[in-house]
Amino acid sequence: MSDTFSFLLMAWLDPQLLLLTALGTLAGIYVGAIPGLSVTMAASILISFTFSWDINNALALMVGIYVGGVYGGSRTAILLNIPGAPSAVVTAFDGYPLAQRGEAGQAIGLSTVMSVIGGLLGTLVLAGSAPFLADMALEFAPRDYFLIAVLGLLLVSTLSGKSLARGIFSVALGASIGLVGMDMVTAQPRLTMGSMELLGGIHYVVVMIGLFGVAEAFYQLHNLTKVPIKQKVDKIIPPLSMVLKYLPLSIRTSIIGVIVGALPGTGGDIASLFAYDHAKRTVKNPSSPFGEGAYEGLVAPETANNAAVGGAYVPMLTLGMPGDAVTAVILGALVIHGLNPGPMLMIETPHIFWFTVGNLALANIFLLIFGLTGIKVFSKVVEVPKALLIPLILVLCVVGTYSINSNMTEVYWMLGFGILGYWLKVFGFQMGPVILGVILGPLLDETYRQAMSSVGDSGGQFLLALVTNPLSLVLTTVIALVLLGQTPAKTWLTSQFQRN
Amino acid sequence: MSQKFERVQPGEKVFDWLLLLFSIGVLLEAYRIDGIPSVNSPGSFPVGLALVMLASSVVILVSHRRKRRDPRIRNALHEAQVFLHEHFQPHIVVFTFLAVAYLAAIVWASFYVSTYLFLAVTFIYFRHGRVVSSLIISAVAIAVIYALFTLVFRVYLP
């Protein structure tokens, strides 16, 4: 028990970790707020610089960036009507009308406090649920891991794009990229197109930087000349009565945020949409009509997207399945540092888990401090023109990619993935499923082959095991239902059900 | 009863056809691993993934039947013109060209020199002149990159 506490408080008591968490949170707020920069982009680039660092230092910085970044997007959503991050899109619905009414300061203050409440509740759920889930996961067979990964990727495909087919294509594309290189078992080259250079595979950080950094930079070129309308900001700290008034809604939407965040591939953007919808349906007398400056419309998404952070860590730390694109990057960082995300993490390196929990809580405290101060400086920084930002993003992507293996070929690959990502984005494909595919592709391959070996390479036995083992049966049924839910059969079944 | 149709973007159909061709390419490449794979072989999963890509790209193409072209687009030639106008605007083409030239130049002109030139030229172009401030901002950016990555992060740069 005393060990657990010492790991929990490690980031609070070590000055270096404290500083890195503070720096990460502050940087995250700006990264999340500046349109054109994203938390995933920052974390992807950062992972390459922190290769040689101590794991705790690297994690402290990334956790800070993640927590700050998810919140930071709301600031520009309120002030400029430009959400800095996808999770803040919904915040702009009521945040910007509030700013137009001259209540920008109060809106920012309230969103900060509610984000912190959501973040802390999400962390609490992580601390409470992850050890039990990890214990359960120890009983999982490779077949179950395979099914969980399939389910996760299917959910990503379903929820994150404009069509299931596009989502599934993105996931399969990512998984194929993840398989490039030598086979782990037979050392046979796979999908290398005869290239010797590809025998070592394509580093997923190269793909991440290309898809999230370069692709975004190219995409932002369409808005190069867009000039935001500035708002005046006054008193920022919200009165206690206001916080207490919206606390019940905040707790409800925190729960929504944690649950949605824990589903692989969903993250804060979908959590905030669900929470906003919940607020609209349940709040009978909002402070103003929704969409015209309702504080409830601000509180719900802001609490949920920060609560989703803790939720996203649950499957990542207990099952080795990232909850969203940022936790996919953090999972990569853990692997690079020789750790084993999944149920064994809690047994082999419990200090990493408890350190992360303590660190998330600390980052939320820093979020409260930085969120309620420095607004004047902030308004200046976020006005940095895209004409300056876009070339700088490309330079950072080059530095980040080169620093992985000091290899210029990887830099060219990164640009190639950036251009591919741009076109995919233009035609409605999401980058998150591709990245999750890259990360989970090798895991799917490995667990599938282990599962096959365990039944003597018999396809029939494998299918039988899917329905005879209770957990496998549950997972197979859920997968079938998710797939069914995307077909016309769902509409037919719903109409039959309603008729009866 | 009126039916609502989703709009197809200029160039979307061509892109989706390219994805189908790409999926066929991946399938052929996966087939090369060990021919028709058994259920548990190095090629089984790549072939499976390629088939998933192929099937989903076919579904994407079939979904075009439920979509309609923007009524303002008159014919295929006009669609090509709109596509080029949207995605090949001069500043996008110039930035792409500068980015490729920058990456090519890093090898023979060193990282700092090529980065400075890339930033300076791009800033001047994007900001329609303002030469002096662009040169100063580029110099400051280089100084920050040096301090941050070479001194703090100790990253080896090309």
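Residues numbered from 1 in each chain as written. Chains lettered and ligands numbered in written order. Predicted model: local features only at pLDDT ≥ 70, side-chain atom pairs only at ≥ 80, totals over all residues. Heavy atoms only, no water.

(A) Quick look at the overall build of chain A. Check the secondary structure of chain A and you find 23 helices and 2 strands. The C-alpha atoms of chain A give 22 Å as radius of gyration, which agrees with the globular expectation for 500 residues (23 Å, within 12%). Each principal axis of the C-alpha atoms in chain A carries an extent, and together these give about 70 × 65 × 55 Å. The buried share among the 500 residues of chain A stands at 62%. Sequence separation of at least 24 residues holds for 78% of the intrachain contacts in chain A that already meet a minimum separation of 6. When the accessible surface of chain A is split by element, carbon and sulfur atoms take 67% of a total near 18400 Å². Distance between charge centroids for chain A: 16 Å, based on 22 positive and 24 negative side chains. (Helix = DSSP H or I, 4+ residues; strand = E, 2+ residues; numbered from the N terminus. Rg over C-alpha atoms; globule rule 2.2 N^0.38 Å. Buried < 20%, exposed > 50% of the residue type's maximum accessible area, 1.4 Å probe, protein only. Contact = heavy atoms within 4.5 Å. Areas by Shrake-Rupley, 256 points an atom, 1.4 Å probe, with all protein chains shown as cover. Lys, Arg positive; Asp, Glu negative; His and termini not counted. Charge placed at Lys NZ, Arg CZ, Asp CG, Glu CD.)

(B) Region of interest: the side chain of Asp183 of chain A. Relative to the assigned elements, Asp183 of chain A resides in the loop between strand 1 (181-182) and strand 2 (189-190). Leave out the neighbours within four places in its chain, and Asp183 of chain A touches Gln188, Arg190 and Arg449 of chain A together with Pro42 of chain B.

(C) Spotlight on the domain arrangement of chain A. Residue and element names in this part refer to chain A. Taken domain by domain, chain A holds domain 1 (2-450) and domain 2 (455-500). The straight-line distance from the C-alpha centre of domain 1 to that of domain 2 is 31 Å. With 13 residues of domain 1 at the interface, the matching set in domain 2 holds 13 residues. Each partner contributes to the roughly 1200 Å² buried at the junction of domain 1 and domain 2, and carbon and sulfur atoms together form 81% of this total. (Domains from an automatic or database assignment. Buried area = accessible area lost by both parts, 1.4 Å probe.)

(D) Expanded view of the domain arrangement of chain B. The domain architecture assigned to chain B consists of domain 1 (6-87) and domain 2 (90-152). Here the C-alpha centroids of domain 1 of chain B and domain 2 of chain B sit 36 Å apart.

(E) Up close: the packing of helix 12 (residues 267-282) of chain A against helix 13 (residues 295-319) of chain A. Residue and element names in this part refer to chain A. In the contact formed by helix 12 and helix 13, the axes pass within 7 Å of each other and the chain directions differ by 145°. You can see that helix 12 and helix 13 cross each other, and the crossing is right-handed. Residue-level contacts link Gly267, Gly268, Ala271, Ser272, Ala275, Tyr276 and Ala279 of helix 12 to Glu296, Gly297, Ala300, Pro301, Ala304, Asn305 and Ala308 of helix 13. Across the contact of helix 12 with helix 13, the residue classes break down as 8 nonpolar, 5 polar and 1 charged. (Axes fitted to C-alpha atoms, helices over the stretch in contact; angles between N-to-C directions. Left-handed = near helix turned anticlockwise from the far one by under 90°. Nonpolar A, V, L, I, M, F, W, Y, C, P; charged D, E, K, R; others polar.)

(F) A look at the pattern of salt bridges. Counted according to the given criterion, the structure contains 10 salt bridges over all chains. A salt bridge links Glu103 of chain A to Arg101 of chain A, with the nearest nitrogen and oxygen atoms 3.2 Å apart. A relative accessible area of 39% means that Arg101 of chain A is categorised as partly exposed. Glu12 of chain B serves as the salt-bridge partner of Arg166 of chain A, at 2.8 Å between the closest nitrogen and oxygen. Of the two residues, Arg166 of chain A is situated in helix 9 (residues 164-179) and Glu12 of chain B in helix 1 (residues 12-34); the pairing between them involves two chains. (Salt bridge = Lys/Arg side-chain N within 4 Å of Asp/Glu carboxyl O.)

(G) Region of the structure containing the packing of aromatic side chains. All names here are of chain A. If you walk through the whole model with that rule in mind, you get 29 aromatic pairs over all chains. Between Phe146 and Phe462, the aromatic rings sit 6.3 Å apart at their centres with planes inclined by 65°, giving edge-to-face as the arrangement. You can see Phe146 sitting in helix 8 (residues 142-159) and its partner Phe462 sitting in helix 21 (residues 459-468), a full 316 residues away along the chain. The aromatic ring of Tyr219 is capped on one face by Lys425, whose charged end is 5.0 Å from the ring centroid. (Phe/Tyr/Trp six-rings, centres within 6.5 Å; stacked < 30°, edge-to-face > 60°. Lys NZ or Arg CZ within 6 Å of the ring centre and 35° of its normal.)

(H) A look at the nonpolar core. With 206 residues, the main nonpolar core has Tyr66, Leu126, Tyr313 and Phe353 of chain A together with Tyr102 and Phe111 of chain B as its most contacted residues. The element contributing the most residues to this core is helix 5 (residues 55-80) of chain A, with 14 residues. (Core = buried A, V, L, I, M, F, W, Y, C linked by side-chain atoms within 4.5 Å.)

(I) View of unusual backbone geometry. Even without glycine at this site, Met193 of chain A takes up a positive phi of about 55°. Tracing the chain through its elements places Met193 of chain A in the loop between strand 2 and helix 10 (204-220). Overall, Met193 of chain A belongs to the exposed group, its relative accessible area being 57%. Positive phi outside glycine occurs at Ser110 of chain B, with the angle close to 75°. Here Ser110 of chain B lies in the loop between helix 4 (90-109) and helix 5 (111-126).

(J) Local environment of the interface of chain B and chain A. Contacts between the two partners involve 63 residues from chain B, matched on the other side by 58 residues from chain A. For the pair chain B and chain A, the summed buried area comes to about 5200 Å², and 79% of that belongs to carbon and sulfur atoms. On the chain B side of the contact with chain A, Asn40, Phe45 and Leu103 of chain B bury the most area, a combined 13% of that side's loss. Scanning the region where chain B abuts chain A turns up 2 salt bridges. The interface formed by chain B and chain A holds 12 residue pairs in polar contact (both at pLDDT 80 or more) in total. Of all the elements in the fold, those that place two or more residues in the side of chain B that touches chain A are helix 1, helix 2 (44-63), helix 3 (76-87), helix 4, helix 5 and helix 6 (131-152) of chain B. By residue number, the principal contributor to the side of chain B that touches chain A is helix 1 of chain B, which donates 12 residues. (Polar contact = N/O pair within 3.5 Å; in protein donor to acceptor, adjacent residues only side chain to side chain.)

(K) Broad picture of a nonpolar patch on the surface. Together, Val131, Val132, Leu135, Ile136, Val140, Val144, Tyr146, Leu148, Leu151 and Val152 of chain B make up a nonpolar patch on the protein surface, roughly 880 Å² of accessible area in all. We classify Val131 of chain B as partly exposed; its relative accessible area is 43%. (Patch = residues over 30% accessible without salt bridge, like charges linked within 9 Å, V, L, I, M, F, W, Y side chains within 5 Å.)

(L) Molecular detail of helix 1 of chain B. Between its first and last C-alpha, helix 1 of chain B extends 34 Å over 23 residues, near the 33 Å set by a 1.5 Å rise per residue. Here helix 1 of chain B has its buried residues at Glu12, Phe15, Asp16, Leu19, Leu20, Ser23, Val26, Glu29, Ala30 and Ile33 of chain B. Close packing links the buried residues of helix 1 of chain B with helix 9, strand 2 and helix 19 (408-426) of chain A together with strand 1 (6-8), helix 2 and strand 2 (67-69) of chain B. Trailing helix 1 of chain B by a residue or two, Gly35 of chain B shows a phi angle of about 60°, which is positive. (Expected span 1.5 Å × (residues − 1).)

(M) Representation of helix 9 of chain A in the model. Residue and element names in this part refer to chain A. In this model helix 9 runs 22 Å from its N-terminal to its C-terminal C-alpha over 16 residues, within 8% of the 22 Å that 1.5 Å per residue would give. A large share of helix 9 lies buried, amounting to 14 of its 16 residues. Two residues or fewer after helix 9 comes Gly181, characterised by a positive phi angle close to 125°.

(N) Molecular detail of the side chain of His278 of chain A. Residue and element names in this part refer to chain A. Locating His278 in the fold gives a position in helix 12. Judged by its relative accessible area of 14%, His278 falls in the buried class. If sequence neighbours within four positions are ignored, His278 has contacts with Leu249, Arg252, Thr253 and Ile256.

(O) Quick peek at the environment of Ser288 of chain A. Residue and element names in this part refer to chain A. Tracing the backbone through its elements, the reader meets Ser288 in the loop between helix 12 and helix 13. The spatial distance from the C-alpha of Ser288 to the C-alpha of Val309 is 29 Å, given a sequence separation of 21 residues. Once residues within four sequence positions are removed from consideration, Ser288 is found in contact with Arg101, Gly293 and Ala294. A distance of 3.0 Å separates the side chain of Ser288 from the side chain of Arg101, its partner in a polar contact.

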